[in-house]
Amino acid sequence: MLDNLRDAVRKFLTGSSSYDKAVEDFIKELQKSLISADVNVKLVFSLTNKIKERLKNEKPPTYIERREWFIKIVYDELSNLFGGDKEPKVIPDKIPYVIMLVGVQGTGKTTTAGKLAYFYKKKGFKVGLVGADVYRPAALEQLQQLGQQIGVPVYGEPGEKDAVGIAKRGVEKFLSEKMEIIIVDTAGRHGYGEEAALLEEMKNIYEAIKPDEVTLVIDASIGQKAYDLASKFNQASKIGTIIITKMDGTAKGGGALSAVAATGATIKFIGTGEKIDELEVFNPRRFVARILG
Ligand code: GDP
């Protein structure tokens, strides 16, 4: 996603056209790339207007080359677009710590549960996984396979339909075993457009297990619709964080990312592939550094 921006930066820094022409060309390319990555058009124009304004009102410091200074401004403003300086807190400030994952089916929730467990296990925590997605028959099996692959115990009750009960018993069992981080994969049976039902279900399980954090898993391909879902979630859950999956697979990733950032919700991780280690702590600056090269 946004791959051609890296080339545009290179062209801008090494090109032979005049500075003013190069700036104009770069801004056009930036607009094109962001719009094709499905970032909201209004956001794109307000971003480029801000860049132009800063160019007019600010002067490059003497120690920095003018073209590099321009790229720095672009970098700053892009970072703001994707959430500013917010560094998500990924290491829990208390132990035990219970994380509950919610999200629409197919977004990558179960995969993400495994990725998170692996992330925390590598950091040295004792981690347990609870499989409470009772609507998708293969979900528990999938979680058990992931658990086996990374050496993390999985609690599940094959055949049982009471998701709230499973979540409760699983968390209790792991707490009694002194697990430090417990990750609960919940049922994501609802389709898009049924956010209200999803949030309602979240409330029921929430009441039963009182997690320390609720994480909404969103698929990058929903693009700007992520704004609505993230805002509702952000209002419904004070301790909510967001993980955007499939950032590798779609040109629409920019839409989901900027939409979520615009709600002020904390994006904690992004999923960048199907493999267990393809999960990155989300940091707007690092993300922008990567797309600008
Ligand atoms: P769930 O129904 O939300 O639990 O979804 P799953 O965890 O079963 O994932 C659905 C599909 O998305 C699977 O094929 C996963 O391998 C895939 N998937 C999950 N996360 C990512 C990601 O970050 N990138 C890519 N490319 N695929 C992913």
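The structure presented is a predicted model; accordingly, all values stated were derived computationally and were not measured.

**Q** Would you mind going over the nonpolar core with me for this structure?
**A** For soluble globular proteins, nonpolar side chains are generally found buried alongside one another. The biggest cluster of nonpolar side chains holds 71 residues, and the ones touching the most others in it are Phe 70, Leu 78, Phe 82 and Ile 244. With sequence-adjacent residues up to four places away left out, Ile 244 is seen in contact with Ile 218, Ala 220, Ala 256, Leu 257, Val 260, Ile 267, Phe 269, Ile 270 and Gly 271. Residues Leu 129, Val 152, Ile 181 and Ile 183 belong to the second largest nonpolar core, which totals 24 residues.

**Q** Would you mind showing me how to read the packing of helix H2 (residues 19–36) against helix H4 (residues 66–81) here?
**A** Each packed pair of helices is defined by two parameters, the angle between the axes and the distance between the axes. Axis separation between H2 and H4 bottoms out at 11 Å; the angle between their running directions is 25 degrees. The angle between H2 and H4 places the two elements in the roughly parallel class. Our pair here, H2 against H4, has a crossing hand that is right-handed. Only Arg 66, Arg 67, Trp 69, Phe 70, Ile 71, Val 74 and Leu 78 of H4 make contact with H2, whose side of the interface consists of Tyr 19, Ala 22, Val 23, Phe 26, Ile 27, Leu 30 and Leu 34. Partitioned by chemical class, the residues of the contact of H2 with H4 number twelve nonpolar, no polar and two charged.

**Q** It is not clear to me how the site of the ligand should be interpreted in this structure. Could you clarify?
**A** With respect to spatial proximity, 17 residues lie near the ligand, and among them Gly 106, Lys 109, Thr 111, Asp 248 and Glu 274 are the closest. Taking Lys 115, its side chain carries an N or O atom lying 3.3 Å from an oxygen atom of the ligand. Note that an oxygen atom of the ligand is positioned 3.0 Å from one of the backbone N or O atoms of Lys 246. In the complex, the protein chains occlude 82% of the 580 Å² of accessible area that the ligand would expose alone. In terms of residue count, helix H5 (residues 109–122) provides more of the shell around the ligand than any other element does, four residues in total. Residue composition of the shell around the ligand, by class: one nonpolar, ten polar and six charged.

**Q** Got a minute to help me understand unusual backbone geometry in this structure?
**A** Peptide bonds are trans in most cases, and residues, glycine excluded, mostly fall at negative phi. Between Ile 95 and Pro 96 the backbone carries a cis peptide bond, its omega angle lying at 0 degrees. Residue position: Pro 96 is located in the loop between H4 and strand E1 (97–103). In this structure, Asp 38 takes a positive phi of about 75 degrees despite not being glycine. Along the chain, Asp 38 falls in the loop between H2 and helix H3 (41–57). We note that Lys 178 has phi near 65 degrees; this positive angle belongs to a residue other than glycine. With respect to the element layout, Lys 178 can be found in the loop between helix H7 (163–176) and strand E4 (181–186). On the basis of relative accessibility, which here comes to 61%, the residue Lys 178 falls in the exposed class.

Cut-offs and rules
- Residues numbered from 1 in each chain as written.
- Predicted model: local features only at pLDDT ≥ 70, side-chain atom pairs only at ≥ 80, totals over all residues.
- Heavy atoms only, no water.
- Core = buried A, V, L, I, M, F, W, Y, C linked by side-chain atoms within 4.5 Å.
- Buried < 20%, exposed > 50% of the residue type's maximum accessible area, 1.4 Å probe, protein only.
- Contact = heavy atoms within 4.5 Å.
- Axes fitted to C-alpha atoms, helices over the stretch in contact; angles between N-to-C directions.
- Helix = DSSP H or I, 4+ residues; strand = E, 2+ residues; numbered from the N terminus.
- Parallel < 35°, antiparallel > 145°, perpendicular 65-115°, else oblique.
- Left-handed = near helix turned anticlockwise from the far one by under 90°.
- Nonpolar A, V, L, I, M, F, W, Y, C, P; charged D, E, K, R; others polar.
- Near = heavy atom within 4 Å.
- Polar contact = N/O pair within 3.5 Å; in protein donor to acceptor, adjacent residues only side chain to side chain.
- Areas by Shrake-Rupley, 256 points an atom, 1.4 Å probe, with all protein chains shown as cover.

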